[in-house]
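Structure at a glance
Each chain, letter by letter, is given below.
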Amino acid sequence: MTEPAASRSLSDYDPKPFFCELTGRTGSEAAEQERIRKRLDGMDTATLMRRAREAENELFNLGITFTVYTDKDAIDRILPFDVIPRILTAREWRHIETGVTQRVKALNLFLWDIYHDQKILKDGLIPPELVLGNGNYRPEMIGLDPPCGTYIHINGTDIVRNREGAFQVLEDNGRAPSGVSYVVENRHLMQRAFPDLMRGLKVRPVSDYGEQLVRKLSEVAPAGIDDPSIVLLSPGVYNSAYFEHIFLAREMGVPLVEGRDLIVENDKVFMRTISGLQAVHVIYRRINDDFLDPEAFNKESMLGVAGLMRAARKGNLTLANAIGTGVADDKAVYAYVPKLIRYYLSEDPILENVETHICGTKEGLAFTLAHLAELVIKPVGESGGYGIVVGPKASQIELDACRRQIEADPANFISQPMIDLSVCPTLVDGQVEPRHVDLRPYAVTGQSTWVLPGGLSRVALKRGSLIVNSSQGGGTKDTWVLEEAAS
Amino acid sequence: MSLLSRYAEDLFWLARYIERASNLARIIEMHMAYDRGRDEDVSWAWLVALHSDQERFAKSYGDASFANVIRFYVADLGNSGSVRFSLRAARENARALRAVIPTEMWNHLNEFYNRFLIVTDSDLEPIRLWRTCGQIKDGCYAQIGVAESTLYRDEGWRFFRLGLMFERADQTSRLLDVKFAQLATGMEATAQAADATFWSLVLRSAAAYQAFLRLEHKGGDPNRVARFLLVNASHPRSVAYSVMQIQAMLHDLGSGYGHRQARFAQEKVEVLFELLQSAAQEPDLVTRLHEINDNIQRSLIGLTDELGQRFFGAAPPDPTPPPDEAPSQTQSQSQSST
């Protein structure tokens, strides 16, 4: 039976020339995606819009928001949520999961090495100044042995998919990657808003993230502590990611503390409770290195706790993530990660990098300047999508300004070819249109690594835009990892 | 794992601010709904006097007209005693507690607050005001109900109950002082018949009118009304009931959870309780209400400081004696997130 054309949400949808996350697969996987596509197509756009509106109201009232503070009041904003899910097949997920696990393992070995023997520098695989001269390299960490050799306990890997459908890593986030709360809350929202779309589908659950996190952080407790006291350290209610901190503490079942709740005495960390001081062994901290410990780093910090670094050095405290991981997720060091994987693991990288030119090298600089209009230029030290110039979409004036900046400080830039990011049907202004997406899976590492099935799918809501960051008008989608089809 | 001191304090103040908003809303609601026949333009200065806010009020408004007083107490964020300020403070405390309170509590408060944010000037006009205040009051009741239904019964629950009962004792005690506040602001002494109306209004403002009638069929003898609100053991808003609940919570913390420092507050509560018992013996209680209210207010301030020192980790406060007339206490600056 055919339905009236007016009721089909995908009737005008055309993803060409990009890879589509809902319709792009061929072979045996095509049948799986077709089932979901049909269901979605069977819904009319008005229904989608109504449910989308309800979902956004719900996010607001549930306080799943980031907060912008003005002089007078606190303004809560929601991160735009698109109701059309992004799908990953079991095969695709296996590939990403093993690739991410491999990558995190190599990064942890790299961090151990550069804070101990620095063999990789002596072997000449990576320019020493790129590591030792990096602003995020922390000499205070030299010789410190974090439990299980784990520095990056929580990692977010930004992955994109090119026109051919191949996954590529765009960036590693090994400091304090955010966004995982949206993964779980988006799922809860979808389960309420679209039970008909999910019915009968085997989608991998995401709601045990907090439990897994506690398990993994318990594995890396200081030596001799069997039942560690774990806390989450937040800068407090004024931080724009405060919702995520609440979410994590709640899901982990641990206290959400601020700097003023903690104190270091005799190189041990305690929190202030109504029964007096109680020991703390593991801190999942969402405060940057610089502000974490005014005794060791930024003296002006009001957010941190004096003495945390001392406690960590004495082996009385595990910080997750460890201090000084920023050197491993640097955009220039990123270019060397495939080499790191071969060097430390003697394996080929499972996930490819995007081809990257380091302007700090002679060849990289020459290539970048010669092909400026075809490349994406990124400042090394920025995050959040700031300062990125997309050559093919930039005006001559923008390109000239970019060239001058690169020439003035080559080491601060890298360039990459423009990736035609894959697209996903997205509800925009009452129409379903293709919009570019990326993916950030979250890997949690104690003794070993566990990867949350799926991750955060970010979507660039502006037509044609390739920048998915929320600060640049991006939204999020629920990510469905389908279970292995019964054979 | 023991309760973070900051959580204890935030739970205490969350409940206090909710209870404060609900009391204020109910007083206004009842006066709008039942106090017919007064000239609206002259009769609201007493509310300012009742909260010892004369100075602060005069600074921003001057004339104690109906519209001004209502704005000051319902919508003015600059007034730390307003409904709006209280609800915002309650929400900020809840925000700091979100990792530990049930999501149901936060969701309800957040929705309630978001609804309150769209209150407009027309909602404060005489014709709509009682409904607006009724909705605020109901929202507060519901929040306390959600807490009752979902909040885990550990020490945190005790601090939530302590905050609730502190504020309730405070507010009911103040309510008994309305007469004094009215006379002090130049309202004329009322005739016998009008006096009965007045005391029934006081009862309604404490949600105690019906319960009182069941007990006292003959109606409102002022001394009996005052005694009921002061020492009745069964009405959930009487001062004595609130103080008994405070006692029970402190007992739980001290004996049940082994926080021996609770005994300092317990001793002070004993003194307060004796004060209530002896007040109940006064043959002409009504004439003593202003003095009794002062003593209760002083005692509650001392108790709050005691909790601050023994549980919330605050530095000992300055040993200055509390003022004769106490405006509503607010959360200390160091801890307040507003």
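Now for a quick tour of the structure. Bear in mind that the values here come from a model prediction, so they are computed numbers and not experimental data. (Residues numbered from 1 in each chain as written. Chains lettered and ligands numbered in written order. Predicted model: local features only at pLDDT ≥ 70, side-chain atom pairs only at ≥ 80, totals over all residues.)

1. Describing the overall build of chain B
Along the backbone of chain B there are 15 helices and 0 strands. The buried share among the 338 residues of chain B stands at 48%. In chain B, 71% of the contacts between residues at least 6 apart in sequence involve partners at least 24 apart. (Helix = DSSP H or I, 4+ residues; strand = E, 2+ residues; numbered from the N terminus. Buried ≥ 20, exposed ≤ 12 C-beta atoms within 10 Å, placed from the backbone. Contact = placed C-beta atoms within 7 Å.)

2. Quick word on the sheet that holds strand β9 (residues 268-273) of chain A
Residues and elements named next belong to chain A. Taking strand neighbours across the sheet as the criterion, the 3 strands line up as β8-β9-β10 in an open arrangement whose pairing is antiparallel. Bordering the open sheet on either side are β8 (262-265) and β10 (276-280), each of which pairs with just one other strand. In this sheet, adjacent strand axes meet at a mean angle of 40° when their direction is disregarded. (Pairing = 2+ DSSP bridges. Axes fitted to C-alpha atoms, helices over the stretch in contact; angles between N-to-C directions.)

3. Focus on the environment of Leu 365 of chain A
Residues and elements named next belong to chain A. Structurally, Leu 365 can be placed in helix α14 (residues 362-370). For the pair Leu 365 and Thr 47, spaced 318 residues apart in sequence, the C-alpha separation works out to 52 Å. Filtering out sequence-adjacent residues up to four positions away, Leu 365 remains in contact with Cys 359 and Pro 410.

4. Some words on the packing of helix α8 (residues 155-175) of chain B against helix α15 (residues 289-310) of chain B
Residue and element names in this part refer to chain B. With their axes 9 Å apart at the nearest point, α8 and α15 run at an angle of 165° to one another. Our classification of the angle between α8 and α15 gives roughly antiparallel. Crossing angle aside, the handedness with which α8 passes α15 is left-handed. Across the interface between the two elements, Phe 166, Ala 169, Asp 170, Ser 173 and Arg 174 from α8 touch Asn 293, Ile 296, Gln 297, Leu 300 and Thr 304 from α15. Of the residues assigned to the contact of α8 with α15, the class counts are 4 nonpolar, 4 polar and 2 charged. (Parallel < 35°, antiparallel > 145°, perpendicular 65-115°, else oblique. Left-handed = near helix turned anticlockwise from the far one by under 90°. Nonpolar A, V, L, I, M, F, W, Y, C, P; charged D, E, K, R; others polar.)

5. Observations concerning the packing of helix α3 (residues 90-114) of chain A against helix α13 (residues 337-345) of chain A
All names here are of chain A. Where α3 meets α13, the axes come as close as 9 Å, and the angle between the chain directions of the two elements is 80°. Between α3 and α13, the interaxial angle falls into the category roughly perpendicular. Between α3 and α13, the contacting residues are Gln 102, Arg 103, Lys 105, Ala 106, Leu 109 and Phe 110 on the first element and Val 337, Leu 340, Ile 341, Tyr 344 and Leu 345 on the second. Class assignment for the residues of the contact of α3 with α13 results in 8 nonpolar, 1 polar and 2 charged.

6. Digging into the pairing of β9 of chain A
All names here are of chain A. Across the two faces of β9 the burial differs, with Val 269, Met 271 and Thr 273 buried and Lys 268, Phe 270 and Arg 272 not buried at all. By the bridge criterion, 4 bridges tie β8 to β9 in an arrangement that is antiparallel. Looking across to β9, one finds that Val 264 is bridged to Val 269. What sits between β8 and β9 in their antiparallel hairpin is a turn of 2 residues, with Asn 266 showing a positive phi close to 50°. Pairing between β9 and β10: 5 bridges, direction antiparallel. From the neighbouring strand, Phe 270 faces β10, where its bridge partner is Ala 279. In this antiparallel pair of consecutive strands, β9 and β10, the connection spans 2 residues.

7. Details of the sheet that holds strand β6 (residues 230-233) of chain A
Residue and element names in this part refer to chain A. Judged by pairing direction, the sheet is parallel, and its 4 strands sit side by side in the order β7-β6-β11-β12 without closing on themselves. Edge strands, defined here as strands with exactly one partner in the open sheet, are β7 (256-257) and β12 (318-320). Sitting on the sheet, helix α9 (residues 242-252) touches β6 and β7, and the angle it makes with β6 is about 170°.

Distances and angles like these do not, on their own, reveal function.
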